[in-house]
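Okay, here's what each chain looks like letter by letter:
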Amino acid sequence: MPIQEYGLRILREYSETISDGDGVRYSIYLAGCRHRCPGCHNPQSWAPDQGTLLDEQQLHRIINAIQNDRFLDGITVSGGDPFFNPEGLTALLQAIKQATGTNVWCYTGYTLEEILDSPPLQPPLRYIDVLVDGRYEAALADPNLPFRGSSNQRIIRDPWAYLPGATPPRKG
């Protein structure tokens with residue numbers, strides 16, 4: 001199915017950033033979030049109709065940019081909440097992972113436990129190397145935390161390993 005059929009909308013892309021995970025990353029911010037955390041640094045991302053519809057041409061441009069940047073250590077998907085549209089997120093990550101084999105970080109307001117308790121949310125985990133989970137809690141905000149905004153949020157490596165019957169994903 002063409003990627004545009006999933007209705008993913010991209011708010012912005014950063015071709016090289018050091019703020020969204022280990023090393024230099026290509027970051028993609030997706031529209032749509034159900035959590036609406038008070039104090040969110042990106043409330044304009046909550047509306048699912050913001051940004052531009054991801055189509056095949058844009059997906060290929062993103063993949064080519066990742067493949068041709070020798071300084072990248074991986075990609076990061078944030079938003080909004082990328083898990084707002086788990087089917088679209090799965091299609092996006094599968095395409096990028098198959099084409100590039102690159103390391104994937106993903107930020108979500110869901111906890112890993114909430115994802116594991118909801119079968120529709122589970123498929124993207126197969127393509128994620130590092131999950132930053134949990135809603136932003138303003139009362140727990142700490143600007144000194146690496147790669148997260150509040151101390152309740154966790155950095156979870158290999159979240160796919162928690163799936164029932166998990167086997168290591170193929171790299172590329």
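Residues numbered from 1 in each chain as written. Predicted model: local features only at pLDDT ≥ 70, side-chain atom pairs only at ≥ 80, totals over all residues. Heavy atoms only, no water.

Caption draft 1: Examining the pattern of salt bridges more closely. Summed over the entire model, instances satisfying the criterion amount to 6 salt bridges. Here Asp22 and Arg157 are joined by a salt bridge, their closest N and O atoms 3.2 Å apart. Linking Asp22 in the loop between strand S1 (9-17) and strand S2 (25-30) with Arg157 in strand S7 (residues 154-157), this pair joins segments that are 135 residues apart in sequence. The partner of Asp133 in a salt bridge is Arg154, and the shortest N-O contact between them spans 2.5 Å. Here Asp133 is found in strand S6 (residues 130-133), whereas its partner Arg154 is found in strand S7, with 21 residues between them in sequence. A relative accessible area of 32% means that Arg154 is categorised as partly exposed. (Salt bridge = Lys/Arg side-chain N within 4 Å of Asp/Glu carboxyl O. Helix = DSSP H or I, 4+ residues; strand = E, 2+ residues; numbered from the N terminus. Buried < 20%, exposed > 50% of the residue type's maximum accessible area, 1.4 Å probe, protein only.)

Caption draft 2: Structural view of the sheet that holds S6. The 7 strands are arranged S3-S1-S2-S4-S5-S6-S7 in an open sheet whose pairing can be described as mixed. The open sheet has two edge strands with one neighbour each: strand S3 (52-53) and S7. Two strands pair when backbone bridges link them, and S6 and S7 are joined in this way by 4 bridges, in the antiparallel orientation. Within S7, the position partnered with Asp133 by the bridge is Arg154. (Pairing = 2+ DSSP bridges.)

Caption draft 3: Spotlight on the nonpolar core. Grouped together as the largest cluster of nonpolar side chains are 33 residues, with contacts concentrated most on Phe83, Ile96 and Leu131. Elements with a minimum of two residues in this core: S2, helix H1 (56-67), strand S4 (74-79), helix H2 (86-100), strand S5 (104-107) and helix H3 (112-116). It is H2 that provides the largest number of residues to this core, a total of 5 residues. Sequence-distant contacts of Ile96, that is, excluding residues within four places in its chain, are made with Ile28, Leu59, Ile62, Ile63, Ile66, Ile75, Gly101 and Thr102. (Core = buried A, V, L, I, M, F, W, Y, C linked by side-chain atoms within 4.5 Å. Contact = heavy atoms within 4.5 Å.)

Caption draft 4: Up close: the packing of aromatic side chains. Within the structure shown, the criterion is met by 2 aromatic pairs. Judged by centre distance (5.7 Å) and plane angle (80 degrees), the rings of Tyr14 and Tyr29 are edge-to-face. Pair noted here: Tyr14 is in strand S1 and Tyr29 is in strand S2, with a separation of 15 residues, a long-range link. What makes Tyr14 partly exposed here is its relative accessible area of 38%. With relative accessibility at 8%, the residue Tyr29 sits in the buried group. A centroid spacing of 5.3 Å and a plane angle of 75 degrees characterise the contact between Trp105 and Phe147, whose relative ring orientation is edge-to-face. Linking Trp105 in strand S5 with Phe147 in the loop between S6 and S7, this pair joins segments that are 42 residues apart in sequence. According to the relative accessible area criterion, Trp105 is buried, its value standing at 1%. A relative accessible area of 24% places Phe147 in the partly exposed class. (Phe/Tyr/Trp six-rings, centres within 6.5 Å; stacked < 30°, edge-to-face > 60°.)

Caption draft 5: Summary view of the packing of H1 against H2. Packing of H1 against H2 leaves a shortest axis separation of 10 Å and a crossing angle of 40 degrees. Between H1 and H2, the angle is such that the two are oblique. For the crossing formed where H1 meets H2, the hand is right-handed. Of the residues in H2, those touching H1 at Leu59, Ile62, Ile63, Ile66 and Gln67 are Leu92, Ala95, Ile96, Ala99 and Thr100. For the contact of H1 with H2, the residue count by class is 8 nonpolar, 2 polar and no charged. (Axes fitted to C-alpha atoms, helices over the stretch in contact; angles between N-to-C directions. Parallel < 35°, antiparallel > 145°, perpendicular 65-115°, else oblique. Left-handed = near helix turned anticlockwise from the far one by under 90°. Nonpolar A, V, L, I, M, F, W, Y, C, P; charged D, E, K, R; others polar.)

Caption draft 6: Structural detail: the environment of Pro48. With respect to the helices, strands and loops of the structure, Pro48 is situated in the loop between S2 and S3. Take Pro48: its relative accessible area is 41%, and that puts it in the partly exposed class. For the pair Pro48 and Leu11, spaced 37 residues apart in the sequence, the C-alpha separation amounts to 9.8 Å. Each residue touching Pro48, except ones within four places of it in the same chain, is listed here: Arg9, Ala31, Gly32 and Phe84.

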